[in-house]
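# Observations on the model geometry
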Amino acid sequence: MNAFEYAAPRTLDEALAVLREHGDEARVIAGGTALVTMMRQRLVRPSYLVSLREVSGLARIEAANGDVRIGALVNHREVETSPLVRERFPVLAETFRRVASVRIRNMATVGGALAHADPNQDPPVTLIALGARVEIRGPAGAREVPVEDFFRDYYESALEPGEVVTGVVVPRRPAASGAAFVKFLPRTADDYATVAVAATVSLQPDGERCREARIALGSVGVTPLRARAAEALLAGQPFGADLLRHAGESIKNAVDPLSDHRGSAAYKREMASVIAGRALTQAWEAARAAARETR
Amino acid sequence: MAHRIVGQPIGRVDGTEKVSGEARYAGDVTLPGLVWGKALRSPLPHARIVRIDTSRARSLSGVLAVLTAKDLPSILVGRRMFDMPMLARDRVRFIGEKVAVVAAADPDLAEEATTLIDVEYEDLPAVFDPEAAIVAGAPVVHDNPGAYEGAPAERPHPNVQSVLRFKLGDLEAGFREAARTFEHTFRTQLAHQGYLEPHAGVVAIDHDGRVQVWASNKMPFRLKELLSHALELPQEKIRVNLTPIGGDFGGKGSLMDLPLAYHLARVTGRPVKMVMRYAEELMAGNPRHPAVITLRTGVSADGRIVARSVRSLFNSGAYAAFKPAPSVSLGGASMGAGVYRIPNLLIESFCVYTHNIPCGHARSPGEPQMVFAEESHMDMIARELALDPAEFRRRNLLRDGDHLANGHHLEHVRSSDTLEAALKAAEYSQPKPGPWIGRGMAMTHRHIGVGFTNAVVRLGVDGHVTLRIALPDTGTGAHLVLRQVVAEVLGLTVDDVEIEMATTDDFTTDSGVGGSRVTHTGGRAAYHAAEKLKVQIQAEAAKLGMPVESLPAIARAAAREGRTLEASHFYDAKAHGAVTSFTAQVAEVAVDPQTGQVTVRRFTTAHDVGTIINPIGHQGQIEGGFVQGLGFALMEEMKSEEGRISTLSLGDVKLPTIQDIPPLTTVILEDPVGPGPFNAKAIGEGSISSVAPAIANAVADACGVRILDLPITAEKVYFGLKEKERRA
Amino acid sequence: MTRKIRLTVNGTARTVEIPMYRTLLDCLRNDLGLTGSKEGCGVGVCGACTVLLDGKMISSCIALAVSADGHEVTTVEGLVGDERLHPVQQAFIDAGGFQCGICTPGQVVSAKALLDAIPNPSDVEIRDWMLGNLCRCTGYYKIIESIQTAAQRSRA
């Protein structure tokens, strides 16, 4: 790695000030799994690292008006094992559990992963399906961006210079709803997905027809994707094989995958449809079960 | 015949050092004043070096030396064929070839310094595909390879490193006899041995000019010879200090970066450590040769093989330097004949130069490639003949007195028994539990390795025996096996026998580790040395009128007269005897028709072995070899395009993880007929080669898709299924 | 640019002055002489560099040494107590859970952390926890057996 200076401020304001001072030369480091690996490979060479590890107030998971707020410094393992997350959003705990290995999950933070903006990651897919929002702080103050709008390009997020992710807010789910996350990784058990899909389905009062569906996909392009056209097909419809096939075709047209070691673009396109079908089937089943319970 | 110690599942002797972190591998060695070496590597597959400017690197604080080819003698290195410069001289021939080397105070600084070396290149035309490389007019990798020391004589094309042939009978006559003829072509991938310890070495030059070496190398005597050749120093000036090795699997027998570490040590006056990053292993670490193999087989009306021709092209990359066999080829090519009696046979195997990463030996060199092709071919023929694959094999299996492709005749052949044992344990003929489930089989065999080894056993005054050898333990547990052998002979417990690691000063020679030979050669050397010591002890006991068991007293009595009871033996195993070991394997797989994903539900591996000396170690070799075969079959691949390897992280290479292993059933047929001590055979390379074809055959059985190139990925099966639907 | 950091390693307070770019692994191995932890893949995948940071497994090859300032590190060398092997280490010897040994320090540190967190792990729990510890020699079967053996023994 190149030589660099390192600071670990204790407050967010201090951290933002240091970032402002050093501009392009500085990078934020939290868990460091992505950044240190890239620095060791000489893909990035910042001359200043600002660590957020000592900043207080960023590592909490808390309920806030029915929503759940996860601080940026919470690591993946903490989300996976959080009783609050497992109770309110089991699909999110399960998604974080699928990331890499326990060891990496101990290190990698929620905020750091979001800021890294790798379209092959798992958590953003489910966060999009859950309608989550990213909390950001910067020189101009605080703002929120829906997760589905947070990714601009490969490794490029909506963060402006000097801004950091401070947390992510996951809004409460309707009662008669279900969610599922399916990660398709056919080579070995420790990998990014060839394709990953998260689906949430909430049902109309009849407990059968779809009121709203949200479908998000990972590893299908330069950013995670929300399949709005497919979602529109599902609204108001009862579950059925034809409907799923229809939605699958729409998804094939919506994605623009990159060929890589985990699959060719053509294969990923096909799998986007297959895996979306599986995720929707699971989510719909879960929604129906939830609807039966609330009746 | 039951033994006391041999055959017991005793825990490893080096266990405490390994589990406690005390074991010092080459990369752990540190010396006062040590500095770190790092290489700059070529970014181009074939280019002329126009100019190298090292001035910016030299002026980085903490850098002690920067060397290029002009600072070194123009000596070429290799293991058998010496065609590789220590640093690229006037041109580079593969992406990753070393162009310059730096010594600095820490490894980060050394790496930083390499980025400050400016090299100007002029692109040259390059060739990457082995078929394209042997066509007239192809870009030539080496202008005159025949001039290199160790180069084989036959060279049909300047890009051919070697040609290896196996011939039996009359091929043309055989094919004329055939009722039907079948031809298929297969491809296998570039794959790394996957040892978790990257190449590491430390070189220090004593004040008396002696060169001390610690290296992740499994044949210390050959290393000393090769260093002597590369550094132009007499062998007595070089001492190789043995260290444990973090996995070899064929890949750690070359000089790698040691000559550069030496020259940096010479120039800086400091000990130098060089450790490859894994990305460097994946660019320049002598992986397994990719292959293109075509088999043509003629079969009689009653399903007997009457003729076979095999042509294999191994994509050897830019240098032949990493291949150790005198043929400069891969002996595994002989497995083109499989485990079958083939009266008329021609196998032609070409190792081809291209502008790719130079390849070397990997567990069972050439065999996983060849056996995948051959055993898949057998199943495809069986299907065409409407014969059960087991039945087709039964009609053709080798029997006592038959000849192998290399001319050796066989005795104690248990090919049939091994096949039937595998089929029975795998419940091969039982109905399958559901659709999209398939079973497939494959067989292979492997000769016991040969070589030569020295051993010395000495009785200490405390009654303990020390076995002195210069064979490193690459991880197989070989040292424990040798202790068991000595303990058995002398009537001791394993705890009474210690291993003392020799250095290359202590013996004149040893073939080192490899080719599944250590239990045989090391075991025999230890066995015979122990037998000789036993005779000495008995004579001494008789003289003293003591019982033979009172070893401390005997030793002390001898010591009082200035004598040590010690015996040595040099064992040289001649060329392969008439005994081999068969392996039969059955894979049961499930295919997900929507995605093509292949899941191995269970796997059965049957082995015809000699006496097992240590059952835990033996089983460990079977399991480890199987999982490497599993990875080769389904997961592992180094992707290279136009000479550029894009899988430069271990995470990309896809070694199997703990969640990828299926339930494994092992069947052992123990037959005390091996040439090793107590009639042992060998097991180190027995379980890897037939895994891929067993799985490929099972996939074909499950869903009708035949995969002809490894690895068998979900994507290939998926598109195979789509193609099948289209044709239907 | 160097910094003096203070960390507790295997129960002992250590102070060391290191450049910022020093990884925790290189600091342990080269500055503190604890060569038990190994560098394998260098990208956090293989687990050969596993150490415990405040009791939690991390990949020390991608952790900056400065990030351990003020924290507790446990390496494989810290598992041995009173000159006796930790039960996990003994189990790996008895069940053949290692061959070349290069991954073994990472395996036993991870296994110790597993048994601390889940004293009686199921097969699935073992495979989940140990997913990030690669082994090229054993094929994993005997690693799983070793962990099960250690768990059984501590229940007895």
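Not measured: the values here are computed from a predicted model.

Calculation notes
- Residues numbered from 1 in each chain as written.
- Chains lettered and ligands numbered in written order.
- Predicted model: local features only at pLDDT ≥ 70, side-chain atom pairs only at ≥ 80, totals over all residues.
- Heavy atoms only, no water.
- Buried < 20%, exposed > 50% of the residue type's maximum accessible area, 1.4 Å probe, protein only.
- Helix = DSSP H or I, 4+ residues; strand = E, 2+ residues; numbered from the N terminus.
- Contact = heavy atoms within 4.5 Å.
- Pairing = 2+ DSSP bridges.
- Axes fitted to C-alpha atoms, helices over the stretch in contact; angles between N-to-C directions.
- Buried area = accessible area lost by both parts, 1.4 Å probe.
- Salt bridge = Lys/Arg side-chain N within 4 Å of Asp/Glu carboxyl O.
- Polar contact = N/O pair within 3.5 Å; in protein donor to acceptor, adjacent residues only side chain to side chain.
- Expected span 1.5 Å × (residues − 1).
- Domains from an automatic or database assignment.

## Examining unusual backbone geometry
A negative phi angle characterises most non-glycine residues, just as the trans form characterises most peptide bonds. Following leucine 710 of chain B, the chain continues to proline 711 of chain B via a peptide bond in cis, the omega torsion being -5 degrees. Here alanine 100 of chain A, not a glycine, exhibits a phi torsion of approximately 45 degrees, which is positive. By relative accessible area, which is 22% here, alanine 100 of chain A ends up partly exposed. Its identity as a non-glycine residue notwithstanding, lysine 654 of chain B has a phi of 70 degrees, on the positive side.

## Brief notes about the environment of glutamate 149 of chain B
All names here are of chain B. The topology assignment puts glutamate 149 in the loop between helix 4 (130-133) and strand 9 (160-168). Separated by 112 residues in the primary sequence, glutamate 149 and glycine 37 place their C-alpha atoms 29 Å from one another. Here glutamate 149 is in contact with Arg80, Met81, Phe82 and His229, once residues within four sequence places are set aside.

## Quick notes on the sheet that holds strand 24 (residues 598-609) of chain B
Strands belonging to one sheet form pairs held by backbone hydrogen bonds; the direction of such a pair is parallel or antiparallel. Residue and element names in this part refer to chain B. Here we have four strands laid out as an open sheet, ordered 18-23-24-27, and mixed in their pairing. Since the sheet does not close on itself, it has two edges, and those belong to strand 18 (437-447) and strand 27 (664-670), each with one partner. In this sheet, neighbouring strand axes are inclined to one another by 15 degrees on average, regardless of whether the strands run parallel or antiparallel. Strand direction decides the pairing type here: strand 24 and strand 27, joined by seven bridges, are parallel. By the bridge assignment, alanine 606 is partnered in strand 27 with valine 667. Where helix 17 (residues 691-703) meets the sheet, it contacts strand 18, strand 23 (580-591) and strand 24, and its direction lies at approximately 160 degrees from that of strand 18.

## Quick word on the interface of chain B and chain C
Each partner contributes residues to the interface: chain B has 54 residues there, and chain C has 48 residues. Note on chain B versus chain C: buried area summed over both sides is about 4,100 Å², and carbon and sulfur give 59% of it. The three residues of chain B that bury the most area against chain C are Val19, Leu196 and Ile658 of chain B, which together make up 20% of that side's buried surface. The tally of links between chain B and chain C comes to six salt bridges. Linking aspartate 28 of chain B and arginine 29 of chain C is a salt bridge whose minimum nitrogen-to-oxygen distance equals 2.7 Å. Taken together, the links from chain B to chain C amount to 21 residue pairs in polar contact (both at pLDDT 80 or more). Of all the secondary-structure elements, those providing two or more residues to the side of chain B that touches chain C are helix 1 (15-20), helix 3 (107-114), helix 15 (615-634) and helix 16 (650-653) of chain B. Take the side of chain B that touches chain C: its biggest share by element is nine residues, from helix 15 of chain B.

## Digging into helix 15 of chain B
Residue and element names in this part refer to chain B. The end-to-end C-alpha separation of helix 15 is 28 Å, in line with the 28 Å expected for 20 residues at 1.5 Å each. Counting buried positions along helix 15 yields 18 of 20 residues, so the element is predominantly enclosed. With a side-chain oxygen lying 3.0 Å from the backbone nitrogen of isoleucine 616, the N-terminal cap of helix 15 falls on asparagine 614.

## A short note on the environment of alanine 702 of chain B
Residue and element names in this part refer to chain B. Structurally, alanine 702 is set in helix 17. A C-alpha to C-alpha distance of 4.7 Å links alanine 702 and isoleucine 437, two positions 265 residues apart in sequence. The contact partners of alanine 702, leaving out residues within four places of it in the chain, are Trp436, Ile437, Gly438, Val589 and Val591.

## Focus on the domain arrangement of chain A
Frequently, the measure chosen for interface size is the accessible area removed from exposure when the parts meet. Partitioning chain A into domains gives domain 1 (5-51), domain 2 (61-170) and domain 3 (177-294). Taken over C-alpha atoms, the centre of domain 1 of chain A sits 36 Å from the centre of domain 3 of chain A.

## Let's talk about the interface of chain A and chain C
Taken residue by residue, the interface counts 27 residues in chain A and 30 residues in chain C. Buried surface at the junction of chain A and chain C, summed over both partners, amounts to about 2,300 Å²; 61% is from carbon and sulfur atoms. Contact with chain C buries area across many residues of chain A, yet Tyr6, Arg40 and Arg103 of chain A alone supply 32% of it, more than any other trio. Summed over the shared surface of chain A and chain C, the number is two salt bridges. Elements with a minimum of two residues in the side of chain A that touches chain C: strand 1 (5-7), helix 2 (33-40) and helix 6 (102-107) of chain A. If you tally residues by element for the side of chain A that touches chain C, the top one is helix 6 of chain A, at five residues.

## Here we look at the pattern of salt bridges
The final tally for this structure, using the stated rule, is 84 salt bridges over all chains. Of the charged contacts, one joins glutamate 163 of chain A and arginine 143 of chain A as a salt bridge, the two residues approaching to 2.8 Å between their closest N and O atoms. Placement of glutamate 163 of chain A in the loop between strand 9 (156-157) and strand 10 (164-170) and of arginine 143 of chain A in strand 7 (residues 141-146) is noted, with a sequence separation of 20 residues between them. We classify arginine 143 of chain A as partly exposed; its relative accessible area is 30%. One salt bridge in this structure joins glutamate 208 of chain A and arginine 288 of chain A, with 3.2 Å as the shortest N-O distance. Placement of the pair is glutamate 208 of chain A in the loop between strand 12 (195-203) and strand 13 (210-218) and arginine 288 of chain A in helix 11 (residues 265-294), with a sequence separation of 80 residues. Residue arginine 288 of chain A is classed as buried on the basis of its relative accessible area of 16%. Because the salt bridges share partners, they merge into one network encompassing Arg40, Arg42 and Arg45 of chain A, Glu111, Glu112 and Arg277 of chain B together with Glu39 of chain C.

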